[in-house]
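Summary of the model geometry
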Amino acid sequence: MMSDSALNTLSPSRVQRVGKLRGTLALAGALFLGSVVTLPAHAQGTKIGFVNTERILRESGPAKAAQSKIESEFKKRDDELQRLSNSLRSQAEKFDKDAPVLSESDRVSRQRDLARLDTDLQRKRREFQEDFNRRRNEEFSSIVTKANQAIKNIAEKENYDLIVQDAVTVNPRIDITDRVIQVLGK
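Anyway, here's the lowdown on the structure attached to this text. Note that the coordinates shown come from a computational prediction; the quantities given were computed from them, not determined experimentally.

Conventions and cut-offs
- Residues numbered from 1 in each chain as written.
- Predicted model: local features only at pLDDT ≥ 70, side-chain atom pairs only at ≥ 80, totals over all residues.
- Heavy atoms only, no water.
- Helix = DSSP H or I, 4+ residues; strand = E, 2+ residues; numbered from the N terminus.
- Buried < 20%, exposed > 50% of the residue type's maximum accessible area, 1.4 Å probe, protein only.
- Contact = heavy atoms within 4.5 Å.
- Areas by Shrake-Rupley, 256 points an atom, 1.4 Å probe, with all protein chains shown as cover.
- Phe/Tyr/Trp six-rings, centres within 6.5 Å; stacked < 30°, edge-to-face > 60°.
- Lys NZ or Arg CZ within 6 Å of the ring centre and 35° of its normal.
- Arc of directions from axis to C-beta.
- Salt bridge = Lys/Arg side-chain N within 4 Å of Asp/Glu carboxyl O.
- Core = buried A, V, L, I, M, F, W, Y, C linked by side-chain atoms within 4.5 Å.

Observations regarding the overall build of the protein
Each helix and strand counted, the protein has six helices and two strands in total. Each of the 186 residues in the protein was classed as buried or not, and the buried ones make up 20%. Counting only contacts in the protein whose residues sit at least 6 apart along the sequence, the fraction spanning at least 24 positions is 76%. Only carbon and sulfur atoms are counted for the fraction: they give 54% of the accessible area of the protein, which is about 13,500 Å².

Written out as structure tokens, the structure reads:
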């Protein structure tokens, strides 16, 4: 390499060429060094797996059992909401038929009753949904914990370097979801 004093005695175009040469050599060196550092990872053959958490929460034995358990716990409340909804609908239809012949005070009174019933029904539906979601989250969080443990066990036994959950696109060759579902079913 040239010293700075030697560069000062060169013509400006020659200084630019030497500067470009230094930059090119530095870039080539960095690329070479980067490829040498990543070479061992490729030489060893990194083993990657994929797990579809949504499928586990939909298809595994524990998930199906939890879903059935939750549905049976909330069936009575759901039936009650359906009954209230049908009652409100029939009362609204009856009001629509009777409205032309009702006095103003009766019509206003029945409208208030219908509005109160509707508000009550909406509140009960909201409470039902919140309770249902809370209970579902409780059940499925334990399944996710078990699934994560199963994934760790598979990774250790089969020497996986990386297991990814929930990706945009995946080659089916690396999908180990079925094995995780199988382990959870035991």
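Brief notes about the packing of aromatic side chains
Inspection of every chain in the model, using the stated rule, returns three aromatic pairs. Ring centres of Phe74 and Phe128 lie 5.6 Å apart, and the angle between their planes is 85°; on these two criteria the pair is classed as edge-to-face. Highlighted residues: Phe74 in helix α4 (residues 61-98) and Phe128 in helix α5 (residues 104-157), separated in sequence by 54 residues. Classification of Phe128 by relative accessible area gives buried; the value is 10%. Between Phe128 and Phe132, the ring centres sit 6.1 Å apart and the planes meet at 20°, which makes this aromatic pair stacked. Taken together, the residues span about one helical turn, with Phe128 and Phe132 both in helix α5 at a distance of four residues. An aromatic cluster is defined as three or more aromatic residues linked by ring pairs; in this entry it consists of Phe74, Phe128 and Phe132. The lysine or arginine in question, Lys47, covers the ring of Tyr160, its NZ or CZ lying 4.6 Å from the ring centre.

What about helix α6 (residues 177-185)?
Here α6 has its buried residues at Thr177, Val180, Ile181 and Leu184. All buried residues of α6 project into a common sector of 100° when viewed along the axis, lining one side. Opposite the buried face of α6, at more than 90 degrees from it, the exposed residues are Asp178 and Gln182. Residues of α6 that are buried in the fold lie against β1 (48-51), α3 (53-59), α4 and α5.

Overview of the pattern of salt bridges
Summed over all chains, the structure comprises 19 salt bridges. The shortest N-O distance in the salt bridge between Arg55 and Asp178 comes to 2.2 Å. Of this pair, Arg55 sits in helix α3 while Asp178 sits in helix α6; the two residues are 123 residues apart in sequence, bridging distant segments of the chain. What makes Arg55 buried here is its relative accessible area of 17%. When its relative accessible area of 52% is taken as the criterion, Asp178 is described as exposed. Between Asp131 and Arg134 there is a salt bridge, with the nearest N and O atoms lying 2.9 Å from each other. Here Asp131 pairs with Arg134, and both are found in helix α5, just three residues apart, close to one helical turn. The partly exposed category is assigned to Asp131, whose relative accessible area is 24%. Overall, the relative accessible area of 48% leaves Arg134 in the partly exposed class.

Quick notes on the nonpolar core
Membership of the largest hydrophobic core is limited to 12 residues, which are Val51, Ile56, Ala147, Ala150, Ile151, Ile154, Ala155, Tyr160, Ile176, Val180, Ile181 and Leu184. Broken down by secondary-structure element, the contributors of at least two residues to this core are α5 and α6. Residue contributions to this core peak at five residues, all from α5. Counting 11 residues, the second largest nonpolar core, distinct from the first, contains Ile70, Phe95, Leu102 and Leu121.

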